[in-house]
Amino acid sequence: MSEGLVTFREGLEAALVVGILARVVPSSQRWLIGAGVGAAIFMSFVAAGLLSAIAATHVLWEIGFSLLAAGLLIYMVGWMRRQGASLSQHLRITAQHSSGWVLFGMAFTAVAREGLETVLFLRALWSMQSQLSWVGGFLGLLVAIALGFLLFSLGKRLPMKTFFTSSSILLILIAAGIAAYAMHEILEYGAAQSPRLHEIEEATAWRLFPPLSEPPAAYRWLYAFYEGKYFHPLHHKGYIGSILHALMGWRASMSWAEIATWLLTATIGLWWWQRNK
């Protein structure tokens, strides 16, 4: 679910920029925009491969990428809220007075930025969730493209402010979950190196819904079966808990350090978003 939200938001931002450019420039030069988009998509796939290869070499890379993704998500939400009102006018003016490879560069830069952000965010979510819903990510991207088509090809009026407001708040919660996961990994890695970090790791705020070898017979259908064990619906591997885990980093066992990291990140994110009205 979180994968779909990320690809939807990033894809929508890219679609809006490309749509504005395509409407402004002459039809004879639109191929330059298409070429820029294609080059940016290719570069994003190459970056995804490199990022995965680097992250697999050491857990510290995973931690670093997760922290970078959380910080970039927070910054991007505030930046987009601040620039959104003037972005369309700025693009129109620039595109009207540009031609040739400048248009290629504008399309390439816009899509490459969103593509690289998406690669980083999905890598962090992949680390946090142990698996990634490629279907969810692909559907999010398709919805973004469809909305862009409705806006620019069919001239439909859509509640874009509502889209961006709701998705921004959800992205802040996702960033908080990624930051909390990074703290979990830091403590797990550092516990073997430092007795103090081991104490912090063991200071759990709660341990809920332990896995069962056999669930209650009357409620068996509510329990998710995974790796030979049954998980309560609210466990982060359960049916409901897995959704909360994807959206906000919920775990059935969390330390006080993880909770503090989650609250701090969410507070900073909401403050930054509110500040950039």
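Residues numbered from 1 in each chain as written. Predicted model: local features only at pLDDT ≥ 70, side-chain atom pairs only at ≥ 80, totals over all residues. Heavy atoms only, no water.

Q: Which residues make up the overall build of the chain, and what are the values?
A: When you go through the chain residue by residue, the secondary structure sums to 9 helices and 4 strands. Beginning at the N terminus, the succession of helices and strands in the chain can be written as α-α-α-α-α-α-α-β-β-β-α-β-α. For the chain, the proportion of its 277 residues judged to be buried stands at 44%. Accessible surface for the chain amounts to roughly 14600 Å². Of this, 69% is attributable to carbon and sulfur atoms. (Helix = DSSP H or I, 4+ residues; strand = E, 2+ residues; numbered from the N terminus. Buried < 20%, exposed > 50% of the residue type's maximum accessible area, 1.4 Å probe, protein only. Areas by Shrake-Rupley, 256 points an atom, 1.4 Å probe, with all protein chains shown as cover.)

Q: A description of the pattern of salt bridges should follow, citing residues and the corresponding values.
A: Applying the stated criterion across every chain, the model contains 5 salt bridges. Notably, a salt bridge pairs Glu202 with Arg207, separated by 4.0 Å at the nearest N-O pair. On the basis of relative accessibility, which here comes to 44%, the residue Glu202 falls in the partly exposed class. (Salt bridge = Lys/Arg side-chain N within 4 Å of Asp/Glu carboxyl O.)

Q: Account for the packing of aromatic side chains, with residues named and values stated.
A: The relation between two aromatic rings is expressed through the spacing of the ring centres and the mutual angle of the planes. Enumeration over the complete set of coordinates arrives at 7 aromatic pairs. Where Trp271 meets Trp272, the ring centres are 6.3 Å apart and the plane angle is 45°; that geometry is what we call tilted. On the basis of relative accessibility, which here comes to 17%, the residue Trp272 falls in the buried class. Counting every residue linked through ring pairs, the aromatic cluster contains Tyr75, Trp271 and Trp272. (Phe/Tyr/Trp six-rings, centres within 6.5 Å; stacked < 30°, edge-to-face > 60°.)

Q: Outline the side chain of Ser255, supporting the account with residue identities and numerical values.
A: Structurally, the position occupied by Ser255 is in strand β4 (residues 253–255). Residues contacting Ser255, with those up to four places away along its chain left out, are Leu187, Ile200, Glu201, Ala203, Thr204 and Ala205. (Contact = heavy atoms within 4.5 Å.)

Q: Can you lay out helix α2 (residues 30–55) for me, pointing to particular residues and giving the numbers?
A: With 26 residues, α2 extends 37 Å between its outermost C-alpha atoms, agreeing within 8% with the 38 Å of an ideal straight helix rising 1.5 Å per residue. Within α2 the residues assigned to the buried category are Leu32, Ile33, Gly36, Val37, Ala40, Ser44, Ala47, Leu51 and Ala55. (Expected span 1.5 Å × (residues − 1).)

Q: Explain helix α9 (residues 256–275) to me, and be specific about the residues and the numbers.
A: Think of an α-helix as turning once every 3.6 residues; residues three or four places apart then point the same way. Counted at 1.5 Å a residue, the expected span for α9 with its 20 residues is 28 Å, and the 28 Å between its end C-alpha atoms agrees. Among all positions in α9, only Ala257, Glu258, Ile259, Thr261, Trp262, Thr265, Ala266, Gly269, Trp272 and Trp273 are buried.

Q: Kindly report on a nonpolar patch on the surface, identifying the contributing residues and their values.
A: Among the surface-exposed residues, Val135, Phe138, Leu139, Leu141, Leu142 and Ile145 lie close enough to one another that they form a single nonpolar patch of about 570 Å² accessible area. Along the chain, Leu139 falls in helix α5 (residues 134–152). (Patch = residues over 30% accessible without salt bridge, like charges linked within 9 Å, V, L, I, M, F, W, Y side chains within 5 Å.)

Q: Could you give an account of the side chain of Thr7, with specific residues and numbers?
A: Here Thr7 shows up in helix α1 (residues 2–24). In this structure, Thr7 is in contact with Leu12, Thr118, Leu122, Gly136, Gly137, Gly140, Leu141 and Ala144, ignoring residues within four places of it in sequence.

Q: I'd like a description of the nonpolar core, backed by residues and values.
A: In terms of nonpolar packing, the biggest core is built from 27 residues, with Leu73, Phe121, Leu125, Leu171, Ile174 and Ile178 touching the most fellow members. Mapped onto this core, the elements with two or more residues apiece are α1, α2, α3 (59–96), α4 (101–129), α6 (160–190) and α9. Aside from chain neighbours lying at most four places away, what touches Ile178 is Ser66, Ala70, Leu73, Ala124, Leu125 and Met128. (Core = buried A, V, L, I, M, F, W, Y, C linked by side-chain atoms within 4.5 Å.)

Q: Mind laying out the confidence of the model for the chain, listing which residues take part and the relevant values?
A: Of the residues in the chain, 88% reach a pLDDT of 70 or more, and the chain-wide mean stands at 83. Element-level pLDDT for the chain is lowest in α5, with a mean of 77, against a maximum mean of 94 in α9. (pLDDT = per-residue confidence, 0-100.)

Q: Quick rundown of the environment of Phe121? Include the residues and the values.
A: You can see Phe121 is positioned in helix α4. Taking the C-alpha atoms as reference points, Phe121 and Leu73, 48 residues apart in sequence, are found 7.8 Å from one another.

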